[in-house]
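# Architecture at a glance
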Amino acid sequence: MSATNTAAFFRAEGTLISSGVLQAAAYMASQRPGMRERLLRFGQTALAAPIYGVLGQNDRTLGNRVAHLSYRDITEDRVVILAEEYVEDMLRQKILDSGLELMKKAKRDGHRIVVISEGISEIMEGLRPHLRHVDDLVCNRLEYKDRRATGRLLDPVVGGYDGGTWLKDYARTHEIDLERSVAFAGHGPDLLLLSGVGQPCAVNPDFTLRKAAREADWPVIEYNT
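In every chain, residue numbers begin from 1 and rise along the written sequence. In keeping with the predicted nature of the model, local features appear solely for residues at pLDDT of at least 70, side-chain atom pairs appear and are counted solely at 80 or more, and the whole-chain, interface and lining totals rest on all residues. Water and hydrogen atoms play no part in the side-chain values, which are based on all heavy atoms of the structure.

### Overview of helix H5 (residues 97-108)
Operational definition: Secondary structure elements are taken from DSSP: a helix is a run of H or I of four residues or more, a strand is a run of E of two residues or more, and numbering for both begins at the N terminus. In this analysis, the expected span of each helix is defined as 1.5 Å times one less than the number of residues it contains. Working definition: with a 1.4 Å probe on protein chains only, accessible area under 20% of the residue-type maximum means buried, over 50% means exposed, and in between means partly exposed. Think of it as the arc spanned by the lines of direction from the helix axis to the C-beta atoms. Contacts are assigned to residue pairs that have any heavy atoms within 4.5 Å of one another.
Taking 1.5 Å of rise per residue, 12 residues should cover 16 Å, and H5 covers 17 Å from first to last C-alpha, within 8% of that figure. The complete set of buried residues in H5 reads Gly99, Leu100, Leu102, Met103 and Ala106. Buried residues along H5 cover an arc of 155° about the axis, so they all sit on one side. Projecting away from the buried face of H5 at angles above 90 degrees are the exposed residues Asp97 and Arg108. Elements in contact with the buried residues of H5: strand E1 (7-11), strand E2 (112-120), helix H6 (121-131), strand E6 (182-185), strand E7 (199-203) and strand E8 (220-221). Glycine 110 lies just past H5 and shows a positive phi near 90°.

### Observations regarding unusual backbone geometry
Cis rather than trans, the peptide bond between aspartate 155 and proline 156 has omega equal to -5°. Along the chain, proline 156 falls in the loop between strand E5 (148-153) and helix H7 (163-174). Here aspartate 146, not a glycine, exhibits a phi torsion of approximately 55°, which is positive. Its location among the elements puts aspartate 146 in the loop between strand E4 (142-145) and E5. Positive phi, close to 55°, is recorded for glutamate 175, a residue that is not glycine. By the secondary structure assignment, glutamate 175 is in the loop between H7 and E6.

### Considerations on the sheet that holds E7
Heads up, the rule is: By this definition, two strands are paired if DSSP reports at least two bridges between them.
A sheet is described by the order of its strands in space; here six strands give the open sequence E3-E2-E1-E6-E7-E8, paired in parallel fashion. One side of each edge strand has no neighbouring strand; the edge strands of this open sheet are strand E3 (136-140) and E8. When E1 meets E2, the two strands line up parallel, connected through five bridges. Looking at the pairing, alanine 8 lines up with isoleucine 113 of E2.

### So, the pattern of salt bridges
Heads up, the rule is: Each salt bridge in this description consists of a side-chain nitrogen of Lys or Arg and a carboxyl oxygen of Asp or Glu lying within 4 Å of one another.
Enumeration according to the criterion identifies 15 salt bridges in this entry. One salt bridge connects aspartate 169 with arginine 172, and the closest N-O pair in it is separated by 3.0 Å. You can see aspartate 169 and its partner arginine 172 sitting in helix H7, three residues apart, about one turn around the helix. Arginine 172 gets classed as exposed once you look at its relative accessible area, which sits at 60%. A salt bridge links glutamate 222 to arginine 210, with the shortest nitrogen-to-oxygen separation between them at 2.7 Å. Pair noted here: glutamate 222 is in the segment after E8 and arginine 210 is in helix H9 (residues 207-216), with a separation of 12 residues, a long-range link. Accessibility expressed as a relative area gives 47% for glutamate 222, which makes it partly exposed. One salt-bridge network, in which partners are shared between bridges, spans Arg11, Glu13, Glu118 and Asp190.

Rendered as structure tokens:
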């Protein structure tokens, strides 16, 4: 059966929300009991920042792995509670109206709306109702053992260069015509995602993506984040 459906793929960070995994990790660290534990987890989050600085315009898989070390030993039910609080107290205010408008237009155009995020599922599922129009959400997942977070992310880790492979698998499963589909993203690692659709668009692009968009003559959208 030939593909007849189309999709609009949105990278959440920088396109739909102005916050990222480092802010979420810092929030989680601040909720740890005891000063020593908080300092330890803040240190792990701080360690991830320069990794993002070096790799942020390339493959951010390592940065994501380090950032989520701050979740280690938090019980699963506590992660759920903290995720709800983070969404309500912090993340809802970081939603970008311009991104929501892009999503609304894509929905009107008949596209299946797919949001891709480096955030963990507990946070992004809580944010999902506020984004509206979302048909599918692809995000990172924490590993749990004995109902406690290990600080590790389950594979595949969202944020690296495997987005192109994932895109093809998704299109095959959902019978998506990629040539007639669109994608919106702003980071270097999203190059394969954008190049995999017929209508790519760079949104608030970083240096790597801006350069690639210019060379490929892709449209670029700038709005305040």
